[in-house]
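Residue-level structural notes
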Amino acid sequence: MLQFVVYDPQGLPPDDWPLRNAYLVGTDGSPLRAEIAYEDQRIVGDKREPGTAALFLQHQVGDLGSVTLQTCLLPERNEPYLLTLELARHRLMTLYTRLEEWSMFDLPPDHRVPKRAERARSLFIEALCLQRSDPVEASRVAQECLVAALDGSEELALAHSELLLNRRRETSAVPDHPFGIGFAPTSVELPEVAEPKLRASMATNFDVLHLAVPWRKLCPQENEYDWSVLDRWLDWAQEADLPVVLGPLVSFDPLNLPDWLYIWEHDYDTVRDVIYEHLERMIDRYAGVVHGWNALSGLHINQHFTFNFEQLMDLTRMVLMLTRKLHPGGRLLVELRQPFGEYYATNQRSIPPLIYADLLAQSGVSFDAYLLRVPMGQAMPGQFTRDLMQFSALLEHYAVFGKPIHLTCAAPSAPVTSVMIADPKEEQPVDADCGYWRRPWSPMVQSHWLEAVCQVAMSKPYVESIVWQDFVDHPAMELPLSGLITEGFQVRDAMRRLVGFRQTLLDPAPPPGSPPEDDAGKQANSDSRMGESIGAGA
């Protein structure tokens, strides 16, 4: 059992403490089965497995926002740990570890990273000295240390990504189709006046189109397919010479599955046969039209069907092998949802995402890349807010499997307070406290978050594309208010920043020794723009 004490601003143990996105992970990085509660004025994590564990939970970090953070791996003991001290310990360790791994110790002394690292180190030593004699003051000092360490680690992630991104441009290593846009043609009703303008914007400002056409929309009744909408969009994409990735072909998400399929939800063999027939119809019809396939999406979560591990892996192999057989020249992507893996702590039938990715890489089944889906900004599993250093580390975790990575991301332009459920389409209130990055979610924060994520992701040599999840807001979208275009077809700031970043990335790199551009919108100026525009910590 792990125990943590916390203190309110008055220096007292509070009677209640919100536990948002709280879970434990073990030494292999996979979440553990555990009961986490706030009782007797302390956080208690009662895990079912022996050994060390780390606590994840959402935590307010001064003016830097409210984000999900973690402690170091800690052994069980009778004496409770001080939460802020352990959160600060892990973030300070991360900061210095990354400075060493990335060989960034030679930054100028007046750079924000070494200044914040030194301040965080001094505060951490002070908090360690105070933890027994004055735990309340130790908690306060540790909180200041956490603010400095988190701010420094984000600045480090941006400084490192700036160096790698410039190198990628100078060596002409920018991928052919770096920016994609997601669109759901069967869910968005476009007026005749708006459709040509939106299509022109897609063709001009993006390199690939990800068309999401849920199975339930294509085939609302068994064996009765309606191809009209999809045919029309694919015909246009061919005329515009815009590559298309279609899918997901198979996903067990309720927004994707047709209602009639649930009749056999406990009959794996029948479901497998039905999926096989669906794949044959889809791929035979569009194999000569699409550039690639999002073949599988989130099967490892296994939240809605009751299939076992062997059945999930068998279905995975069948889908990939059949898709490759029917369209040998198409790009084949496997989409990993909730890649941080929180779901595994509560779902015994699921597979941790890193283990699933490893099994696929070693299976011998041919596929081309992983597609990581990382929406943030909604109080739902996998969508709680994370910081930029965690985001950078996530990409590195999946890079070890030797496959290129494509990234689908999204963030809202305002706090999300309700969502649309699939059937019937009615608004359902949700908890709005999912955390936030620097400031509460707004069009400005959304645009800065997009810019920072694009810089971090595109600096990685193994990342081939970034896809914004939804081009236009619509009622059935997974993350409301996250489109680059509003429902009233107004352009958000995030769209302008994405277009500007793409232009900067694709422009030829300046010759060595040339003076830097004096451009207030220059994306690579990571040292000050993020902090000054959104509000950095002291």
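Because the structure is predicted, anything quoted here is derived from the model rather than measured.

**Description of unusual backbone geometry**
- A cis geometry characterises the amide bond from glycine 247 onward to proline 248, with omega recorded as 10 degrees.
- A positive phi is found at asparagine 223, a non-glycine position, where the angle reads about 65 degrees.
- In this fold, asparagine 223 is placed in the loop between helix 5 (215-218) and helix 6 (228-240).
- In this structure, leucine 481 is a non-glycine residue whose phi angle is positive, near 65 degrees.
- Position of leucine 481 among the secondary structure elements: in the loop between strand 20 (463-468) and helix 12 (493-506).

**Quick look at the packing of aromatic side chains**
- Throughout the structure, instances matching the rule amount to 20 aromatic pairs.
- Geometrically, the ring pair formed by phenylalanine 183 and tryptophan 233 is tilted, given 4.6 Å between the ring centres and 40 degrees between the ring planes. Here tryptophan 233 lies in helix 6 and phenylalanine 183 lies in strand 9 (residues 179-183), a separation of 50 residues in the sequence.
- On the accessibility criterion, phenylalanine 183 (2% relative accessible area) is buried.

**Let's talk about the sheet that holds strand 3 (residues 31-32)**
- Here we have five strands laid out as an open sheet, ordered 3-2-6-7-19, and antiparallel in their pairing. A single partner strand is all that each edge strand has here, and the edge strands are strand 3 and strand 19 (436-437).
- Here strand 2 (residues 23-25) runs beside strand 6 (residues 54-60); their pairing, made up of three bridges, is antiparallel. Looking across to strand 6, one finds that leucine 24 is bridged to leucine 55.

**Quick look at the pattern of salt bridges**
- For the coordinates displayed, the defined rule picks out 34 salt bridges.
- One salt bridge in this structure joins aspartate 231 and arginine 285, with 2.7 Å as the shortest N-O distance. Note that aspartate 231 is positioned in helix 6 and arginine 285 in helix 7 (residues 268-286), a separation of 54 residues in sequence.
- Note that glutamate 335 and arginine 373 form a salt bridge whose closest N and O atoms lie 3.0 Å from each other. Here glutamate 335, found in strand 14 (residues 331-337), pairs with arginine 373, found in strand 15 (residues 369-375); they are 38 residues apart in sequence, far enough to count as distant.

Thresholds, definitions, all that
Residues numbered from 1 in each chain as written. Predicted model: local features only at pLDDT ≥ 70, side-chain atom pairs only at ≥ 80, totals over all residues. Heavy atoms only, no water. Helix = DSSP H or I, 4+ residues; strand = E, 2+ residues; numbered from the N terminus. Phe/Tyr/Trp six-rings, centres within 6.5 Å; stacked < 30°, edge-to-face > 60°. Buried < 20%, exposed > 50% of the residue type's maximum accessible area, 1.4 Å probe, protein only. Pairing = 2+ DSSP bridges. Salt bridge = Lys/Arg side-chain N within 4 Å of Asp/Glu carboxyl O.

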